[in-house]
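# Per-entry structural report
Each chain, letter by letter, is given below.
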Number of protein chains: 2
Amino acid sequence: MSNAAKRLLSTVTIKPTPSKAHHHSPIPSSSFPKGYALTGVHAGVKKISGVPDLGIILSTSSRPTSAAACFTRNAFKAAPVVVSEQVLAANNGRARAIVLNSGCANAVTGKQGMEDAWAMVKATDALLTNPSVADNNDTLVMSTGVIGQNLPISKILTAINSQTPKTLLNDFDAWERTAKAFMTTDTFPKLRAHTFTINGVEYRMAGIDKGAGMIHPNMGPPRASTGQLHATLLGCIVTDAPVSPGSLQNALTYAVDRSFNSISVDGDMSTNDTIIVLANGAASETAAEIDEATDPEAYEAFKVELTAFAIDLAKLVVRDGEGATKFVTVTVKNAATYEDAHKIASQVSTSNLVKTALYGEDANWGRVLAATGSVSLTRDLDPTTVSVTFIPSDGSAPLPVLVNGEPEKVDETRAKEILVQEDFEVEVDLGALGKEEARYWTCDFSYEYVRINGDYRS
Amino acid sequence: MSNAAKRLLSTVTIKPTPSKAHHHSPIPSSSFPKGYALTGVHAGVKKISGVPDLGIILSTSSRPTSAAACFTRNAFKAAPVVVSEQVLAANNGRARAIVLNSGCANAVTGKQGMEDAWAMVKATDALLTNPSVADNNDTLVMSTGVIGQNLPISKILTAINSQTPKTLLNDFDAWERTAKAFMTTDTFPKLRAHTFTINGVEYRMAGIDKGAGMIHPNMGPPRASTGQLHATLLGCIVTDAPVSPGSLQNALTYAVDRSFNSISVDGDMSTNDTIIVLANGAASETAAEIDEATDPEAYEAFKVELTAFAIDLAKLVVRDGEGATKFVTVTVKNAATYEDAHKIASQVSTSNLVKTALYGEDANWGRVLAATGSVSLTRDLDPTTVSVTFIPSDGSAPLPVLVNGEPEKVDETRAKEILVQEDFEVEVDLGALGKEEARYWTCDFSYEYVRINGDYRS
């Protein structure tokens, strides 16, 4: 059938989006970091009764809690982003609570939006057992959902004010309800926990995030200058390790670049993207604070743990991308700089032609190459040293499709075996430009994406 | 219905892509520039018998013919791009013929690809009535179609060699067959002619282009350093005005930035994008050559004509974008620099969320704003001075949806009246940053696009 003829058809059968439910399962309550109390409840932002739309996470540690965050670089920062930046700056990297809602982004809401975000902060502050002496605000706030509408703030405040030490818990059920309060078009709650050891002390971290659409984050530390381009992604990671505020921010900035800033669902950057990390030291009364200057090795170990954990959380967002049927890792090797490798990986991961080919299960290396070549690099590509390989996730042999700039005669049956899998990797090897490598995670581009976004006012 | 429920549906009914056939109609043969001889024939690159896949345009003027071109900035330049750059450089901006094929892009084809492109040049050279004295090559070459496959070069050469002065003509039929030879997934041949007057002399220009997918060109003059990111777009414009080679290149570079480099179908940049212009002076034996230095006013007038004509041709590509049901003009006003305005217009025009909202006929200013804010500018945006307006193409009243950063209460009935139209404009007014303005042309993002690209090996 000619392409012109195909364009005249009037219905298509959509390949069913595979269920993602198995990516969420119970976690033993003992795996969660000590010294936190949380909940997810239905405040009434979302219309469906009983669905959690408000989450609260409090640190109850007797040690000081450090806080760090990366926020969207979008010029139209939503009110909660602006307020959280101000709280963090005023407190020199200390905060003890997170409050968030889904269903309404509180973005492009003017003065009322700012007042509402501050009201959420102050109501949550009041739940803390030891309010700050200097009347500082101790809460960071996040919102996600529809843009340009005001929050139903009285409903939200009523829900916050009704929380008590009996309703704020640290078991799997509380974590799961909180994770559900993050969800918008997500199909499963995104919750992970991890245990690690530094200097002989065992620590835990737990994380929640959400994504689905408008996902191509480019986040920087607080008050960063506006960066380049690029979704709502919300996430938080909390740990019971003691980490100094400055070191916590540095570790988070590094981790976010290699995790949340290395994923794409649709290439669109949101006004609300926020990742918050809290470190409350509750695991041990005596363990020394982890700090880059005083114990670089401990810091490095923490940074590695945080980065790996952030990558796990970031991958969940891609896995549940709107309409996604594939989970694809794009690896760019042997670039002159990390930034060059990252730019190419981003370009390949956001190419609509690459993403529709992934949906079509087509080993279309020509589109991968066109995307690779469209990026401006610090050192010019040599087309004769570029190779592209499709790598299956089942451990079977990789399939080279382009070797040193020359197309291979591709075994289409073998290509299909790899591309029908839900997970696989596309590797772009630049050859001899350098030794740097970057990894990006993306999904395919399907009819579902068009349907979801063709009539959802976000 | 919840979004989660929508994701489980298994069929969709596609809104039929409107017919674009009315964008092509007969042009009087007297409107075409003098001194050209051309044809479009079936050489056998495409499988369907009789469909034109090879085009030849010769200048038969007795005056020297100037040539200029803008080529893709992709690092993986196809063989015809490399060869055309070399011809143009060796001849100091002179060339008298264009040869092109569709069906095979001759891209990523190594040494054989270069030999084939040169063979097309030399065979076409031989059709010229006065071969160059110094044995220079006088032909520029273009190819479009599948990447990574070699041309059926013997079929192509046979078709070129069989042309005679009797088969190469300058009437509407010859122009139409040539325009058809450019087509890949295009649904109609793209051909325009225009008459203009400079210094009392009447000149003509005619142009052909093609597009459909992998359309987000970023073309520069020959041997430009690789630029930023971004489609196959092929086009040629020929005129019977006399223009000096340097001035022709300068006028084309300016025109391409404001036309072909200001359109997007899918945000993907091709390895083959090429726009060629020829100026053969055949309109008048005596009119002075148009040159920037010797007659700036005449040059300026020519540049304006060329730019307006290039915009008309570029718009046809968007109009026929793969799966497009809408033709949308994105205007960004009051930016500090033209580049800032162009970057925002490009970002809005390539946002998948904006494009799916256009398909869904949803006045989703939030997505327009998120895209606007994601661009890094020379001067930071002030969110409180940004306005977004939907402007209908029928001359009825514009619909402001965001005024100075505050959402308007949108009359959804009125919004629908505008958005159901095939043509409309989205205007982003930055307020007080400056006085610069840029315009971009884009289409919506539909199920059709996914279908066309989910199984077409390009």
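Per an unreviewed UniProt entry, chain A goes by Arginine biosynthesis bifunctional protein ArgJ, mitochondrial and derives from Cylindrobasidium torrendii FP15055 ss-10. Here is the UniProt Sequence similarities (unreviewed entry) comment for chain A, exactly as written: "Belongs to the ArgJ family." In the Function (unreviewed entry) part of its UniProt record, chain A is described as follows: "Catalyzes two activities which are involved in the cyclic version of arginine biosynthesis: the synthesis of acetylglutamate from glutamate and acetyl-CoA, and of ornithine by transacetylation between acetylornithine and glutamate."

### Overview of the sheet that holds strand E16 (residues 406–407) of chain A
All names here are of chain A. Taken in spatial order, the 7 strands line up as E11-E18-E13-E17-E14-E15-E16 in an open sheet, and their pairing is mixed. Among the strands making up the open sheet, the edge pair consists of strand E11 (263–264) and E16. Pairing of strand E15 (residues 399–403) with E16 involves 2 bridges; the strand directions are antiparallel. Bridging from a neighbouring strand, Leu-402 pairs with Pro-407 of E16.

### Focus: the UniProt feature "active site" (unreviewed entry) in chain A
UniProt's feature table lists "active site" (unreviewed entry) at Thr-232 of chain A, given in the numbering used throughout. Relative to the helices and strands, Thr-232 of chain A is located in the loop between strand E9 (219–220) and strand E10 (234–239).

### Considering the packing of aromatic side chains
All names here are of chain B. Tallied over the entire structure, the rule returns 7 aromatic pairs over all chains. A ring pair is formed by Phe-32 and Trp-175, whose centres lie 4.9 Å apart and whose planes are at 5 degrees; its orientation type is stacked. Of this pair, Phe-32 sits in the loop between strand E1 (11–13) and strand E2 (36–41) while Trp-175 is found in helix H5 (residues 172–181), placing the two residues 143 residues apart along the sequence. What makes Trp-175 buried here is its relative accessible area of 0%. Considering the side-chain rings of Phe-196 and Tyr-203, the 5.8 Å spacing of their centres and the 40 degrees angle between planes classify their relative orientation as tilted. Tyr-203 matches Phe-196 in its accessibility class, with the two residues each being buried.

### Section: the pairing of strand E14 (residues 387–392) of chain B
All names here are of chain B. In terms of residue burial, E14 counts as a mostly covered element, since 6 of its 6 residues are buried. Burial along E14 is two-sided: Ser-387, Thr-389 and Ile-391 facing one way and Val-388, Phe-390 and Pro-392 facing the other are all buried. Summarising the sheet, E14 and strand E17 (residues 423–429) pair through 6 bridges and their orientation is antiparallel. Opposite Ile-391, over in E17, you have Glu-425 as the bridge partner. Sheet analysis places E14 next to strand E15 (residues 399–403), joined by 3 bridges and oriented antiparallel.

### Some remarks on helix H3 (residues 110–125) of chain B
All names here are of chain B. Compared with the 22 Å implied by 1.5 Å per residue over 16 residues, the 23 Å span of H3 between its first and last C-alpha is a close match. All buried positions along H3 are accounted for by Gly-113, Asp-116, Ala-117, Met-120, Val-121, Ala-123, Thr-124 and Asp-125. The inward-facing, buried residues of H3 contact strand E3 (54–59), helix H2 (79–90), strand E5 (97–104), strand E6 (139–146) and helix H4 (153–161).

### What about the sheet that holds E17 of chain B?
Residue and element names in this part refer to chain B. Taking strand neighbours across the sheet as the criterion, the 7 strands line up as E11-E18-E13-E17-E14-E15-E16 in an open arrangement whose pairing is mixed. The open sheet is flanked by strand E11 (263–264) and strand E16 (406–407), the only strands paired with a single partner. Contacts from helix H7 (residues 296–319) reach E11, strand E13 (327–335), E17 and strand E18 (436–443), with the element oriented near 40 degrees to E18.

### Topic: the UniProt feature "binding site: substrate" (unreviewed entry) in chain A
All names here are of chain A. As annotated by UniProt and renumbered to match this structure, "binding site: substrate" (unreviewed entry) occupies Thr-184, Lys-210, Thr-232, Glu-322, Asn-453 and Ser-458. Its place among the elements puts Thr-184 in the loop between helix H5 (172–181) and strand E7 (190–198). For Thr-184, a relative accessible area of 26% puts it in the partly exposed group. Apart from the residues lying within four places of it in its own chain, the contact partners of Thr-184 are Ser-102, Gly-103, Thr-144, Gly-145, Lys-210 and Gly-211. Turning to its location among the elements, Lys-210 is positioned in strand E8 (residues 201–210). Beyond its immediate chain neighbours, meaning those up to four positions away, Lys-210 contacts Thr-144, Phe-182, Thr-184, Asp-186, Lys-190, Thr-232, Leu-233, Leu-234 and Val-317.

### Points about the environment of Ile-56 of chain B
All names here are of chain B. Within the fold, Ile-56 resides in strand E3. Note on Ile-56: relative accessible area 0%, which makes it buried. Measuring from C-alpha to C-alpha, the distance between Ile-56 and Val-41 comes to 8.8 Å, with 15 residues separating the pair along the chain.

Parameters at a glance
Residues numbered from 1 in each chain as written. Chains lettered and ligands numbered in written order. Predicted model: local features only at pLDDT ≥ 70, side-chain atom pairs only at ≥ 80, totals over all residues. Heavy atoms only, no water. UniProt positions renumbered as here; feature names shortened; annotations may be inferred. Pairing = 2+ DSSP bridges. Helix = DSSP H or I, 4+ residues; strand = E, 2+ residues; numbered from the N terminus. Phe/Tyr/Trp six-rings, centres within 6.5 Å; stacked < 30°, edge-to-face > 60°. Buried < 20%, exposed > 50% of the residue type's maximum accessible area, 1.4 Å probe, protein only. Expected span 1.5 Å × (residues − 1). Contact = heavy atoms within 4.5 Å. Axes fitted to C-alpha atoms, helices over the stretch in contact; angles between N-to-C directions.

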